[in-house]
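Below are the chains, spelled out letter by letter.
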Amino acid sequence: MDKPELRRRVLTARLELSDPERREAARGIREGLLADPRVTMAGTVACYWSMGSEPATQGLVYALWKHGATVILPVLRPDSDLDWAAYEGPDSLRPGPRGLMEPTDARLGVDAVRRAALVLVPALAVSRATGVRLGRGGGSYDRVLARLGPNAPSIALLYDGELLDEVPAEPHDRPVSMVATPGGLVTL
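Nothing here was measured: the structure is a model prediction, and the numbers come from that model.

Calculation notes
- Residues numbered from 1 in each chain as written.
- Predicted model: local features only at pLDDT ≥ 70, side-chain atom pairs only at ≥ 80, totals over all residues.
- Heavy atoms only, no water.
- Buried < 20%, exposed > 50% of the residue type's maximum accessible area, 1.4 Å probe, protein only.
- Helix = DSSP H or I, 4+ residues; strand = E, 2+ residues; numbered from the N terminus.
- Pairing = 2+ DSSP bridges.
- Right-handed = clockwise from strand over helix to strand, strands pointing away.
- Salt bridge = Lys/Arg side-chain N within 4 Å of Asp/Glu carboxyl O.

1. Points about the pairing of strand β2 (residues 70-76)
For β2, the buried fraction is high: six of the seven residues fall into the buried class. In terms of strand pairing, strand β1 (residues 44-46) meets β2 through three bridges, oriented parallel. Bridge pairing in β2 links Val45 to Val71. Remark: the β1/helix α4 (residues 58-66)/β2 crossover connection has right-handed handedness. When β2 meets strand β3 (residues 82-86), the two strands line up antiparallel, connected through five bridges. Among the inter-strand pairings, Leu76 is bridged to a residue of β3, identified as Leu82. Counting the residues that bridge the hairpin from β2 to β3 gives five residues, and of these Ser80 lies at a positive phi of roughly 70 degrees.

2. With respect to the pattern of salt bridges
Per the stated rule, a full pass over the model turns up 15 salt bridges. Between Asp19 and Arg22 there is a salt bridge, with the nearest N and O atoms lying 3.7 Å from each other. Placement of both Asp19 and Arg22 in helix α2 (residues 19-34) is noted, with a separation of three residues, approximately one turn of the helix. In this structure Asp19 comes out as partly exposed when scored by relative accessible area, which is 46%. Of the charged contacts, one joins Arg133 and Asp142 as a salt bridge, the two residues approaching to 3.9 Å between their closest N and O atoms. Here Arg133 matches Asp142 in class, with each residue buried. The structure contains a network of salt bridges with shared partners spanning Asp81, Asp111, Arg114 and Arg147.

This is the structure:
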C-alpha cells in the first residue's frame, strides 16, 4: 500500500471513532505516559497541540506543565519547518495557520527541539519493524526528528491498531524510538 492510500485508510478509521472512544484513548495515552519516569522526569518536553482526529494532547500538555516540565510546542513556519515556543498555560495559545494552536511566547528557533529530553510527535501509523512514522505528508516532523541526537527519545502518539508491521518509507523519513497508544508504551 502506498502512503496516500494508507493515510486515507487511517484517517477514515479515526473519523469513525466515537467521541467517548477518543476521550478514552487520550486518557489511556496520557496516563501511560505520565506513569513512565522517563516522561515525568524529562525536564523539557517537545510536544504538539493536537487537532482534528489526532489523539488528544491537550490534557497531556497541561499535566506535563503542571508537573513542572518545560513544554515547548511547535510554531509552523512558512517553509513548513517548525519553530518552537514555550507553553505557559491554556491562555498562552492563539490560532495559527492550518487550524493549529500555537504558543504566543518568544520563538526559540528550529533547533530548540535539540534541548528537549523527550519529543512527542504526531503520526498516522508507525512501522513496528523500523520505527518509521507516517505523517500527513508535509515533512515537518521528519525535519524535527532529523535534528535529534541519538539519545533523545521520540514517541509517536497513536490509537490502538496504528502500530503496523510495515509503513511505506522514503529516504527522508525518520524513525521514532517509541510509540504510545492507549494500550501502553512500546519501545521500537
